[in-house]
Amino acid sequence: MSQLSVLERLEILADAAKYDASCASSGTTKRNSKGGKGIGSTEGMGICHSYAPDGRCISLLKILLTNHCVFDCHYCINRKSSNTRRARFTPQEVVDLTLSFYRRNYIEGLFLSSGIVKSASHTMEQMIEVSRILREEHDFRGYIHLKTIPEADPGLVTQAGLFADRVSINVELPTVAGLTRLAPDKSAPQIEGAMGSLKEAIVEAKDARKHFRNAPKFAPGGQSTQMIVGADAATDADIVGRASTLYGRFGLRRVYYSAFSPIPDASAVLPLKRPPLLREHRLYQSDWLMRFYGYAPHEVQQAAGTDGMLPLDIDPKLAWALRFRNDFPVDVNRAPREKLLRVPGLGVKAVGALIAARRQRRLRLADVGKLTVSIAKMRPFIITEDWRPLSLIDCADLRSLVTPAVRSEQLELFA
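The sections below set out a description of the structure shown in this document. Note that the structure is a prediction, hence the values are computed from the model and not measured.

A word on the pattern of salt bridges. Within this structure, the stated rule accounts for 17 salt bridges. E129 is the salt-bridge partner of R132, the closest N and O atoms lying 3.0 Å from each other. Taken together, the positions of R132 and E129, both in helix α3 (residues 120-137) and three residues apart, correspond to about one turn of that helix. Classification of E129 as partly exposed rests on a relative accessible area of 29%. Residues joined in a network through salt bridges with shared partners are E129, R132, E136 and E137.

Given below as C-alpha cells:
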C-alpha cells in the first residue's frame, strides 16, 4: 500500500470524526494574542463561531489522530473488524495542520479524538503531545478540546486537562446493558471512574486558583460527554434519567446526543434502521428544560408516552403542558418567573423581557406576541390584560390545535 498524502489522510480522518457531536467551544477561558505574543485566540475579531442547528460548532478543526483501533465496538465504523480505509497522523502533523488552518482563519481551535492504537495509554500520550507542542512550543492560545480515553493511565487523562480547554469522555450508551452488549471492550465503572477523577481535578484546580494566582489552569471549559441514541433499547426516559445523573455526579458542562447511524458491514446486533433525527433534537430540548427551565428529571420524563419515548410531533415542554393542564393558564402579569418558564413558546429571554415590561404596564396579548413567534401555541396557556382562554385549555382536541406542521420526509445528516 502506497503512503497516503497529508490531504488524503485529512480526508479520511476528518470524515471519521464527523460522528462526534461534542465539539462546541463554549465555556472556555478568554485568551488572545494581542501585543504580538502567542498565536490565536478563543474569541474576538477574525474568529467565526458558527453553529449547526443541532448545536455542533463548525469552526474547529475536528479530526482523529488515527482511525486504527484495537477495540471492536459494534456501532463504531472504526472498530477493528471494520473494512474501512485506515490512516494515521503524527502529533507534529496535527500541529502543523492546526496552525496552518488557523493562520488562514478557517478555524478557531482543535477538536482531537482518536481510535486506540497499540494501547490506550500510548494513544493518550500522542494526543497530549499534540496539545503540549501547540501550547509550549508555539504558544497557541486558541481552543483545544481533547477526547480522552478512560482506559488510559489516570495520570495521562489528568495531564490532558493541563493543556486542553475542555476534556471529554464518552459514556457511549445510556445503559450498562447496552454498553456491555455493543462495546464489550469498554467498562462502565472504568468510564465513570475516569470522569470522577476529572471532576476532582477540575474542582481542585478552581480552588487552587482562588488561593494562588499563578496556579495552573485545568480544563477551564470543564468536561462533557456523548451518548449514542437508538443503537440499543434505551428509551428517551432512560436517556433523560442517565443525563441527569451524569450532570449531578460529574458536574458536566454538556451531555451531547448523537443519533445512531447505520454503518457499512454493520454487526448483526445493531438495528437496521436509524432513529429519527428529530428524536435527537427532542432530547436536546429535554436537556435544556433541565438545565435552563427548572424542570426536574422526573418532570421531563413525564412528558414521554407510556412507551418512555418523547413525542416527535411536539416539543417536550408542550407535551408536559398538555399533560398537566391544571397548571394553566398562567397570568403573564402576575405569575413568578418559574411559572412563566413553563409556558409553551416562552423562552428564557422572552420571560426576562416580559418581567421587565410588566413593571411598566399591564401586558396585553399583542405585547406578548412581540416577544415570541409562537403566539398561537401560547394562547391556550396564558392570561393577559385583554385575553383569557376560557374553556380552550380544556378543549378535547387542544393538541391538534397547537401541534405545528412537520415535514413528512427526514433529511439526511451525512448525505
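Here we come to empty space enclosed by the protein. On inspection of all chains with the given rule, the structure shows three cavities of 30 Å³ or more. Where the lining of the largest cavity is concerned, the elements lending two or more residues are β5 (223-229) and β6 (254-259). Counted by class, the lining of the largest cavity contains 20 nonpolar, nine polar and nine charged residues. Lining the second largest cavity, in full, are V171, L173, P174, T175, V176, L179, A188, I191, E192 and R242. For the lining of the second largest cavity, the secondary structure elements donating two or more residues are α5 (176-182) and α6 (188-211). With three residues, α6 is the single largest residue contributor to the lining of the second largest cavity.

Counting residues in each nonpolar core, the largest one holds 115 residues, and the members touching the most others are Y75, L112, Y257 and F381. Broken down by element, this core gets its largest block of residues, eight residues, from α6. The residues touching Y75, leaving out its near neighbours within four places in the chain, are E172, L173, L182, A183, K186, I228, F260, I263 and L270.

Moving on: helix α7 (residues 236-250). Its 15 residues give α7 an end-to-end C-alpha distance of 21 Å, which sits within 8% of 21 Å, the value for a rise of 1.5 Å per residue. Buried residues along α7 sit against α6, β5, β6, α8 (277-292) and α9 (297-302). Of the residues flanking the end of α7, it is G251, one or two places downstream, whose phi is positive at about 55 degrees.

Turning next to the sheet that holds strand β1 (residues 60-64). Strand order in the open sheet formed by six strands is β1-β2-β3-β4-β5-β6, with parallel pairing between adjacent strands. Looking at the sheet topology across the chains shown, the edges are occupied by β1 and β6. The mean inter-strand angle of the sheet, taken between neighbouring strand axes irrespective of direction, is 20 degrees. Pairing geometry for β1 and strand β2 (residues 109-113), over five bridges, is parallel. Residue pairing across strands places L64 opposite S113, the latter belonging to β2. The strands that α7 touches are β5 and β6; relative to β5, the one it contacts most, it runs at about 165 degrees.

So, how was this worked out
Residues numbered from 1 in each chain as written. Predicted model: local features only at pLDDT ≥ 70, side-chain atom pairs only at ≥ 80, totals over all residues. Heavy atoms only, no water. Salt bridge = Lys/Arg side-chain N within 4 Å of Asp/Glu carboxyl O. Helix = DSSP H or I, 4+ residues; strand = E, 2+ residues; numbered from the N terminus. Buried < 20%, exposed > 50% of the residue type's maximum accessible area, 1.4 Å probe, protein only. 1 Å grid on protein atoms, 1.4 Å probe; cavity = no way out; pocket = protein on both sides within 12 Å on 5 of 7 lines; lining within 4 Å. Points joined across faces, edges and corners; volume = space filled by probe spheres on them. Nonpolar A, V, L, I, M, F, W, Y, C, P; charged D, E, K, R; others polar. Core = buried A, V, L, I, M, F, W, Y, C linked by side-chain atoms within 4.5 Å. Contact = heavy atoms within 4.5 Å. Expected span 1.5 Å × (residues − 1). Pairing = 2+ DSSP bridges. Axes fitted to C-alpha atoms, helices over the stretch in contact; angles between N-to-C directions.

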